[in-house]
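# Secondary and tertiary structure notes
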Amino acid sequence: MTVPKAEPQSDAGVTLRTSLRPGDIGAVIELHGRIYAREYGFNHTFEAYVAGPLAEFARFAKARERIWLAERESRIVGCIAIVASAPDVAQLRWFLVDPSARGLGIGKKLIHEAVAFSKACNYKSVILWTVSVLTVAAHLYRSVGFRLVKRKPVKQWGIDVIEERYELNLE
């Protein structure tokens, strides 16, 4: 299996890259914390939820795992990642576009990159966990073939949410 090498891409003043630089991990965590607190009322524990697995990814990423960072004017305005959930199952993580960059097609580009990478890595499926209030993201997931397979109410990040699991069959 040959995984395609990711090259920086630029469109509408936004550049996508897949290599982490100093400050990127903190920026992704901060972006998640700030946006989810403002838009959905999540508390500080959401940042910890993002930080733990993201730190592990940064320390131990493998060839079949990748993060994409969307930058505009040297600022991260979006991200998405694929990590291994099992040998033949990828997990989509940390998908977010800053409100200042929404409507530019960044989310669609990120999701397509992640799915194409998962196929190139010969994963059989991709899973993701989200919450029901993220309706725009759910629309993007469904647009590339993800289907909702599980819903359950939970209290996390300081609020009551409906957790959702989506799956995409790649076979």
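Data block above holds the structure.
Residues numbered from 1 in each chain as written. Predicted model: local features only at pLDDT ≥ 70, side-chain atom pairs only at ≥ 80, totals over all residues. Heavy atoms only, no water.

## What about helix H3 (residues 106–120)?
Compared with the 21 Å implied by 1.5 Å per residue over 15 residues, the 21 Å span of H3 between its first and last C-alpha is a close match. Inspection of H3 places Ile 106, Gly 107, Leu 110, Ile 111, Glu 113, Ala 114, Val 115, Phe 117 and Ser 118 among the buried residues, and these make up the whole buried set. Directly after H3, the chain includes Asn 122, whose backbone phi takes a positive value near 65°. (Helix = DSSP H or I, 4+ residues; strand = E, 2+ residues; numbered from the N terminus. Expected span 1.5 Å × (residues − 1). Buried < 20%, exposed > 50% of the residue type's maximum accessible area, 1.4 Å probe, protein only.)

## Some remarks on the pattern of salt bridges
By the definition in use, this model includes twelve salt bridges. Note that Asp 98 and Arg 34 form a salt bridge whose closest N and O atoms lie 3.5 Å from each other. Here Asp 98 is found in the loop between strand S5 (89–97) and H3, whereas its partner Arg 34 is found in helix H1 (residues 24–40), with 64 residues between them in sequence. Residue Asp 98 is classed as buried on the basis of its relative accessible area, which comes to 4%. Relative accessible area serves as the criterion here: at 31%, Arg 34 is assigned to the partly exposed category. When the shortest N-O distance is used, the salt bridge between Glu 113 and Lys 109 registers 3.1 Å. (Salt bridge = Lys/Arg side-chain N within 4 Å of Asp/Glu carboxyl O.)

## Considerations on the side chain of Glu 71
Here Glu 71 lies in strand S3 (residues 66–72). Within the local environment of Glu 71, its side chain forms a polar contact with the side chain of Arg 17, the two groups lying 3.0 Å apart. (Polar contact = N/O pair within 3.5 Å; in protein donor to acceptor, adjacent residues only side chain to side chain.)

## Notes on H1
Compared with the 24 Å implied by 1.5 Å per residue over 17 residues, the 23 Å span of H1 between its first and last C-alpha is a close match. Buried residues of H1: Asp 24, Val 28, Ile 29, Leu 31, His 32, Gly 33, Ile 35 and Tyr 36, and no others. Of the surrounding secondary structure, the elements contacted by the buried residues of H1 are strand S2 (14–17), helix H2 (45–60), S3, strand S4 (75–86) and S5. Among the residues trailing H1, Gly 41 stands out with phi positive, at a value near 80°. (Contact = heavy atoms within 4.5 Å.)

## Looking at the packing of H1 against H2
The interhelical angle for the contact between H1 and H2, taken along N-to-C directions, is 160°, at an axis separation of 9 Å. Regarding the angle of H1 to H2, the classification is roughly antiparallel. At the point where H1 passes H2, the crossing takes the right-handed sense. Across the interface between the two elements, Ile 25, Val 28, Ile 29, Glu 30, His 32, Gly 33 and Tyr 36 of H1 pack against Phe 46, Glu 47, Val 50, Ala 51, Leu 54 and Ala 58 of H2. (Axes fitted to C-alpha atoms, helices over the stretch in contact; angles between N-to-C directions. Parallel < 35°, antiparallel > 145°, perpendicular 65-115°, else oblique. Left-handed = near helix turned anticlockwise from the far one by under 90°.)

## With respect to the packing of aromatic side chains
By convention here, two paired aromatic rings are described through the distance between centres and the angle between planes. Counted by the stated rule, this structure contains 14 aromatic pairs. The interplanar angle of 45° and the centroid separation of 6.1 Å between the aromatic rings of Tyr 40 and Phe 42 together place this pair among those described as tilted. Owing to a relative accessible area of 27%, Tyr 40 belongs among the partly exposed residues under this scheme. Its relative accessible area of 4% is what places Phe 42 among the buried residues. Connected via pairs of aromatic rings, a cluster forms that spans Tyr 36, Tyr 40, Phe 42, Phe 46, Tyr 49 and Trp 157. Between the NZ or CZ atom of Arg 64 and the centre of the ring of Tyr 123, over which it lies, the distance is 3.9 Å. (Phe/Tyr/Trp six-rings, centres within 6.5 Å; stacked < 30°, edge-to-face > 60°. Lys NZ or Arg CZ within 6 Å of the ring centre and 35° of its normal.)

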